[in-house]
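# Structural description and commentary
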Amino acid sequence: MAKWVRSRNAVNMHLEELSSRIVADSGIPTDRYHLGKLILQSLKDAPDYLSQIDGASGETENFESVLTRSVRCATALKNLGLKQGDVVVLMAPNHIHLCIPIYAALYIGAIVAGIDMNLKINELKDSFKINKPSVIFCQSEKAADINLALSNLNIDPKIVTFDKGNEYLNFHQFVDKYADDTPVEEFKATNLDPNEAIALLISTSGTTGLPKSAAATHANFAISAANMWVLFDTCPSPTRLSVIMSPLQWYSALFQYIYTPIVRTTRLQSSLPMTQEHAYYIINKYKPTFTMCSPNMWAELFKKGDRDKCDLSCFDLIMAAGSDVPSTLFDTINSVVPETCFIPAYGLSEISGIAFVYDSTNPRSVGRPAITHEIRLVSPETKLDVTEPNVPGELFIKGPAVFKGYYNDEKCTEETFTDDGWFKTGDIFKRDENWYFYFVERRKMLLIHKNYQVSPLEIENVIIQHPAVYQVAVTSVPHPEHGDLPVACVVKHKDSTVTAQDIKDMVEETLSEQKHLSGGVIFLDALPMTSTSKVNKSKLAALARVSERL
């Protein structure tokens, strides 16, 4: 593809042809947005096409094998008793079996929820309270923690391990036990209303703190995720090899799992953690041409002194999303790989993809609004629409890609939408005279540490349990490779002898590694407050940068 790109129409033409055949066969007009039927037909269309590669093990699989295995898994889930709307949780690395229950669940109308496999017991419990899974697919090493987390929750999901069985059925045993002999050519995906049926629960902090699950319908995802491919010239097979750099719970992995068979592109993934060393290995070996990951990951891969170990010029197009892209990173990537199109994208789990389509004639902008979205900027102070260029306002979005709400969280859903149905992103943008948009700042408090989303409120809720802590607020300090380093700002009770190490130990014993206080602890006499008696986050962040951190 060309270095300088604007939106193309190839992917939409391909989707129109594919979905028209599906609708002609079923007679159901809304089937054009049924993810299960789109995947099922795509796998049938090109049985010999290479579907996936595990970069760690070297295992490969074509469309025909994925089709056969996913259909058998779908019949197993149905025979187990799963029905439309039941939740299937997946907690595993990106190995070659992971996509099979994803596709199987979408065929039968079950909901797919990816959960961070590094979560500890109390974090898993919080997640299961929300998602209420019927089946959990995981690695055997996590099964005991999952079982403990499920205690006293009044749910009894089937636990299936991808590797060895022990006291639980492993994946192959599960399929052999519950699947029937329905021939692939006779298997039919479950009919559903794609505009209402939830397909995915995507992990997010939302706009207000603690982790939540954004409920995306089949139509939300089918419509919006297509925007991820609009910069390519051709479709099917818009790019030779798409590589997953993120764990399953991130949108950047989910959209590739679901859309690579639909657009007919081979997917590279790895069953090993995506460290810098391992990323260099699989990039050098397989020469992928497309991916999306966080700016922090790109900063690590393009780090001076290390980047010469890897030929990063193999990429035609790379995207960065999840946090703001520093201008220094933008300049570095464009100087190191000048023929690669690097896109600073702005997207949200709540809209199943990106809000703007990039135009490289204006490379500092995130682009113009995607045709699938209505866009407004609203002044946080006056609550009126911003109508003038170069004036900041909060981004509001409306349209068919906007999610149904936060799963089993009616209060947060109501707070996130206006009375007339606009989704409040919590992020500040401005636009120029030509309707190119520019990210200004996040109103959200979410931190991005390495390749993980971190909620300050979640860490605060742990620290405040310490009897010596009077007040706590968590902020961060920037790190050139790892992004946000969490910092706890603590006000102690009078005469308390609690130490910084005591606070760090408490967090480490309770939360997973990415939420540890890698930025340190600061003891303050009082937290900086706003006139409305809220913690002044901007002053807190400034304090963290100049104060001694223990």
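Heads up: the structure comes first, above all this text.
All figures in this text were calculated on a predicted structure; none of them were measured in a lab. (Residues numbered from 1 in each chain as written. Predicted model: local features only at pLDDT ≥ 70, side-chain atom pairs only at ≥ 80, totals over all residues. Heavy atoms only, no water.)

Glancing now at the overall build of the chain. Secondary structure assignment for the chain yields 16 helices and 27 strands. For 550 residues, the compact-globule estimate of 2.2 N^0.38 gives 24 Å, and the C-alpha radius of gyration of the chain, at 23 Å, lies within 12% of that figure. Here the C-alpha coordinates of the chain stretch approximately 70 × 60 × 55 Å along the principal axes. Relative to its 550 residues, the chain shows a buried fraction of 59%. Across the chain, contacts joining residues at least 24 apart in sequence account for 68% of those joining residues at least 6 apart. Each charge class in the chain can be summarised by its mean position, and for the 53 positive and 65 negative side chains these summaries are 2 Å apart. (Helix = DSSP H or I, 4+ residues; strand = E, 2+ residues; numbered from the N terminus. Rg over C-alpha atoms; globule rule 2.2 N^0.38 Å. Buried < 20%, exposed > 50% of the residue type's maximum accessible area, 1.4 Å probe, protein only. Contact = heavy atoms within 4.5 Å. Lys, Arg positive; Asp, Glu negative; His and termini not counted. Charge placed at Lys NZ, Arg CZ, Asp CG, Glu CD.)

Bringing the pairing of strand β1 (residues 50-54) into the picture now. Burial of β1 is extensive: four of the five residues sit out of reach of the surface. Pairing geometry for β1 and strand β2 (residues 60-62), over three bridges, is antiparallel. Paired with leucine 50 across the bridge in β2 is asparagine 62. Once β1 ends, the chain turns through five residues before running back antiparallel as β2, passing glycine 58 with a positive phi of about 85°. Strand direction decides the pairing type here: β1 and strand β10 (residues 266-269), joined by three bridges, are parallel. By the bridge assignment for β10, glutamine 52 is matched with arginine 267. (Pairing = 2+ DSSP bridges.)

In the structure shown here, the tally under the stated rule is 17 salt bridges. A salt bridge links lysine 411 to glutamate 415; the nearest nitrogen and oxygen atoms lie 2.6 Å apart. Of the two residues, lysine 411 and glutamate 415 both sit in helix α13 (residues 410-416), four residues apart, roughly one turn of that helix. A relative accessible area of 56% places lysine 411 in the exposed class. Taken together, the salt bridges that share partners define one network made up of Glu17, Arg21 and Asp45. (Salt bridge = Lys/Arg side-chain N within 4 Å of Asp/Glu carboxyl O.)

The next subject is the environment of leucine 447. Summarising the element assignment, leucine 447 is placed in strand β23 (residues 447-449). By relative accessible area, which is 7% here, leucine 447 ends up buried. A sequence separation of 28 residues divides leucine 447 from threonine 475, and the C-alpha atoms of the two residues are 8.2 Å apart. Beyond its immediate stretch of four places on either side in the chain, leucine 447 contacts Tyr452, Gln453, Val454, Pro456, Val474, Thr475, Ser476, Asp484 and Pro486.

Counting residues in hydrophobic clusters, the biggest one holds 113 residues, and the most contacted among them are Tyr107, Phe137, Phe221, Tyr259 and Trp298. Leaving out residues up to four positions away in the same chain, tyrosine 107 has contacts with His34, Gly36, Ile39, Leu40, Leu43, Ser70, Val71, Ala74, Phe187, Ala189 and Thr190. Met91, Ile146, Ile159 and Leu201 belong to the second-largest nonpolar core, a separate cluster that totals 23 residues. (Core = buried A, V, L, I, M, F, W, Y, C linked by side-chain atoms within 4.5 Å.)

Once that is clear, we can look at unusual backbone geometry. Going from cysteine 235 to proline 236, the amide bond is cis rather than trans, its omega being 10°. Inspection of the secondary structure puts proline 236 in the loop between α8 (218-224) and β9 (241-243). The phi dihedral of lysine 287 is positive, around 55°, even though this residue is not glycine. By the element assignment, lysine 287 lies in the loop between α10 (276-286) and β11 (290-293). We note that lysine 383 has phi near 65°; this positive angle belongs to a residue other than glycine. Structurally, lysine 383 can be placed in the loop between β18 (374-378) and β19 (393-398).

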